Amino acid sequence: MKPALFNLLFVLLAVMNVQADDRLLDNLNDDHARGTDLWIYNNLSEAKAQARRENKPIFVTFRCVPCRDCKGFDAEVAAGADEIATLAKENFIPIRQVEMKGVDLNQFQFDYDLNWAAMFINADGTVYARYGTQSAEGADAYNSTTGLKATMKRVLELHKNYPSNQDSLKDKKGAPRAYSTALEMPGMEKTATLAGLTSRENCIHCHMLHDSENRHAQETGTFTFDSLFRFPLPQNVGLNIVRDHGSKIESISAGSAAADSKLKPDEEIVTINGQAIASVADIQWVLHNLPNEDVNLNIVGSKSGPSTLSLRKGWKETDPTWRGSLHSVKPQFPIWTPPADDKQRTGLGLSDDQGALVVKYIAANKKTGQNAQKAGLKIGDILVEMDGKPIGNTPQKWQYQMKLKYKTGDTLPLTIIRNGKRIPIQITLAD
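Residues numbered from 1 in each chain as written. Predicted model: local features only at pLDDT ≥ 70, side-chain atom pairs only at ≥ 80, totals over all residues. Heavy atoms only, no water.

Assigned secondary structure in the chain consists of 11 helices and 18 strands. Relative to its 431 residues, the chain shows a buried fraction of 52%. Pairs at least 24 apart in sequence give 65% of the contacts found in the chain among residues at least 6 apart. As presented, the chain carries roughly 20,300 Å² of accessible surface, and 50% of it is formed by carbon and sulfur atoms. (Helix = DSSP H or I, 4+ residues; strand = E, 2+ residues; numbered from the N terminus. Buried < 20%, exposed > 50% of the residue type's maximum accessible area, 1.4 Å probe, protein only. Contact = heavy atoms within 4.5 Å. Areas by Shrake-Rupley, 256 points an atom, 1.4 Å probe, with all protein chains shown as cover.)

Dropping the structure here:
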């Protein structure tokens, strides 16, 4: 191909990419990215090419634009925080990824239940770090521009020392998967529809990847509840990390696995199982890839040196009720039950530890919803007990309790309050 023709083709492809990116931005109404030249928009190939030319690490953010959680933090990172913007623009190749449809899942493995996440990679695919943590405390309990900036500076240090430090990075990418993209996942539903042009109504949300994993595991009989304890927090092993720092120990929980180690508060975690640590999410990545069994954890502290933590079976177990992907685990009860308000609770004389959920909607087009109506459940009833014991005080918690104890086809014993009277009902759970 003649040079002039090649250059013309390159310009045309660049224009087409810009037009496609603008159309996606408009379809998603991505206001946080509008009017800023900081981000390469949804185009990893372009980011990698630029990273090779400029020898910079790539800063990839993953944002589910329609999701409300992390909206404020996303605004700070995408268009608000000058320090982040300056650091990113001068030292990184920043790319904003807003759809999971074509993302390489061999390259980008992280906690897909997050509404905002970041990964830092080399142009050759080496993973430097992850950032983004969520828990039952809320979507933004661990995320801050201060913490993100601290992680970014550690990434720059890792990049400066690359490839001499590659042994501490080789396990950060993740094992190869049997599929490369979300549309290839065996548990992904409605792939023909999802394959169309992305819009707010036709978007593969991050949590849908965990949904697909849950669905496929249940369909093939390989599902275990251990899979719900994905990406456990450092607290699970007794380490409380300074959240705005990411790798410094704030305190160590008494009686924990870490309490028996040489680790001390106010020192930084350098490596865990040989992996360089740049954030809380990096710690979670190491823990995620360990079994929920008796296992040793090797940690190097900046002051105390190497320590070995002995973890016991069940150490991963934590509160997963914040996870959007929990809904995909069967049995599913298609019902909307927000918590009763203080006035309702007072009128019923309920104690503080008694869950009380008001039935606002029953999906009559679902078999379990039909069974619930046949059993006598009505709009306005208040759920208070399951199998004679108080239910959780949020719809997520009581449905988690249900999933732990019952299976599709089982009879679910509930107690409701209607007109001040307690009424037992039994509902057959169906697909």
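What follows is about the environment of Thr 224. Considering the arrangement of structural elements, one finds Thr 224 in the loop between α7 (207–220) and β6 (239–241). By relative accessible area, Thr 224 is classed as partly exposed at 42%.

In this structure, Phe 62, Met 100 and Phe 110 are the most contacted members of the largest nonpolar core, which totals 29 residues. If sequence neighbours within four positions are ignored, Phe 110 has contacts with Phe 62, Met 100, Ala 117, Met 119, Arg 130, Cys 206, His 210 and Phe 231. Membership of the second largest hydrophobic core comes to 24 residues, among which are Ile 84, Ala 88, Tyr 131 and Met 152. (Core = buried A, V, L, I, M, F, W, Y, C linked by side-chain atoms within 4.5 Å.)

What follows covers helix α4 (residues 82–91). For an α-helix the count is 3.6 residues per turn, leaving residues at separations of three or four pointing the same way. Buried within α4 are the following residues: Ile 84, Leu 87 and Ala 88. Viewed along the axis of α4, the buried residues span an arc of 95°, placing them on a single side of the element. Turned more than 90 degrees from where α4 packs its buried face, Asp 82 and Glu 90 sit exposed. (Arc of directions from axis to C-beta.)

The next subject is the pattern of salt bridges. Counted under the stated rule, the structure contains 16 salt bridges. One salt bridge in this structure joins Asp 282 and Lys 172, with 2.9 Å as the shortest N-O distance. Here Asp 282 is found in helix α8 (residues 280–288), whereas its partner Lys 172 is found in the loop between α5 (145–160) and α6 (191–194), with 110 residues between them in sequence. Overall, Asp 282 belongs to the buried group, its relative accessible area being 1%. For Lys 172, a relative accessible area of 0% puts it in the buried group. When the shortest N-O distance is used, the salt bridge between Arg 215 and Glu 189 registers 3.3 Å. Here Arg 215 is found in helix α7, whereas its partner Glu 189 is found in the loop between α5 and α6, with 26 residues between them in sequence. Taking relative accessible area as the criterion, Arg 215 reaches 16% and is therefore assigned buried. Counted as one network, the salt bridges with shared partners bring together Asp 111, Asp 113 and Arg 323. (Salt bridge = Lys/Arg side-chain N within 4 Å of Asp/Glu carboxyl O.)

We now examine a negative patch on the surface. Taken together, the side chains of Asp 226, Glu 293, Asp 294 and Glu 317 make up a negatively charged region of the molecular surface. Using a relative accessible area of 52% as the deciding quantity, one classes Asp 294 as exposed. (Patch = residues over 30% accessible without salt bridge, like charges linked within 9 Å, V, L, I, M, F, W, Y side chains within 5 Å. Lys, Arg positive; Asp, Glu negative; His and termini not counted. Charge placed at Lys NZ, Arg CZ, Asp CG, Glu CD.)

Taken as a whole and judged by the stated rule, the model has 11 aromatic pairs. Between Phe 62 and Phe 108 the ring centres are 5.2 Å apart and the planes differ by 65°, which places this aromatic pair in the edge-to-face class. Placement of Phe 62 in strand β2 (residues 58–63) and of Phe 108 in the loop between β3 (93–97) and β4 (116–121) is noted, with a sequence separation of 46 residues between them. In this structure Phe 62 comes out as buried when scored by relative accessible area, which is 2%. (Phe/Tyr/Trp six-rings, centres within 6.5 Å; stacked < 30°, edge-to-face > 60°.)

This paragraph deals with the sheet that holds β2. Through backbone hydrogen bonds, the strands of a sheet pair up, either in parallel or in antiparallel fashion. Spatial strand order, β1-β3-β2-β4-β5: 5 strands in an open sheet with mixed pairing. Among the strands making up the open sheet, the edge pair consists of β1 (40–41) and β5 (127–131). Both β2 and β3 contribute to a ladder of 5 bridges, which runs parallel. Residue Phe 62 lies in a different strand from β3, and its bridge partner there is Gln 97. Lying over the sheet, helix α2 (residues 44–54) contacts β1, β2, β3 and β4, oriented at roughly 170° with respect to β3. (Pairing = 2+ DSSP bridges. Axes fitted to C-alpha atoms, helices over the stretch in contact; angles between N-to-C directions.)

Let us look at unusual backbone geometry. With an omega of 10°, the peptide bond running from Tyr 162 to Pro 163 counts as cis. Its location among the elements puts Pro 163 in the loop between α5 and α6. The omega torsion across Lys 330 and Pro 331 is 0°, close enough to zero to call that bond cis. By the element assignment, Pro 331 lies in the loop between β11 (305–311) and β12 (335–336). In the Ramachandran plot, Asn 42 falls in the positive-phi region, its phi being about 60° despite a non-glycine side chain. Residues other than glycine seldom take positive phi values, yet Asn 273 does so here, at roughly 50°. Considering the arrangement of structural elements, one finds Asn 273 in the loop between β8 (269–272) and β9 (275–276).

Turning to the side chain of Gln 354, a few remarks are in order. Here Gln 354 lies in the loop between α9 (342–348) and β13 (357–358). Here Gln 354 falls in the buried class, since its relative accessible area comes to 9%. If near-sequence neighbours (up to four positions away) are discounted, Gln 354 is found in contact with Arg 345, Val 384, Pro 390 and Ile 391.

Moving on to the sheet that holds β8. With antiparallel pairing, 4 strands are arranged side by side in an open sheet as β9-β8-β10-β11. In the strand order of this sheet, the two ends are held by β9 and β11, each with one partner. Across 2 bridges, the pairing between β8 and β9 is antiparallel. Considered in β9, the bridge of Ile 272 is made with Gln 275.

Those residues of helix α11 (residues 395–405) that sit buried are Trp 398, Gln 399, Tyr 400, Met 402 and Lys 403. Where α11 is buried, its residues meet β12, β13, β15 (382–386) and β17 (411–418).

Confidence in the prediction for the chain averages 89 pLDDT; 90% of positions are at 70 or higher. Under a pLDDT of 50 for its full length, residues 1–20 has, in the predicted model, 3 contacts with residues more than four places off or in other chains. (pLDDT = per-residue confidence, 0-100.)

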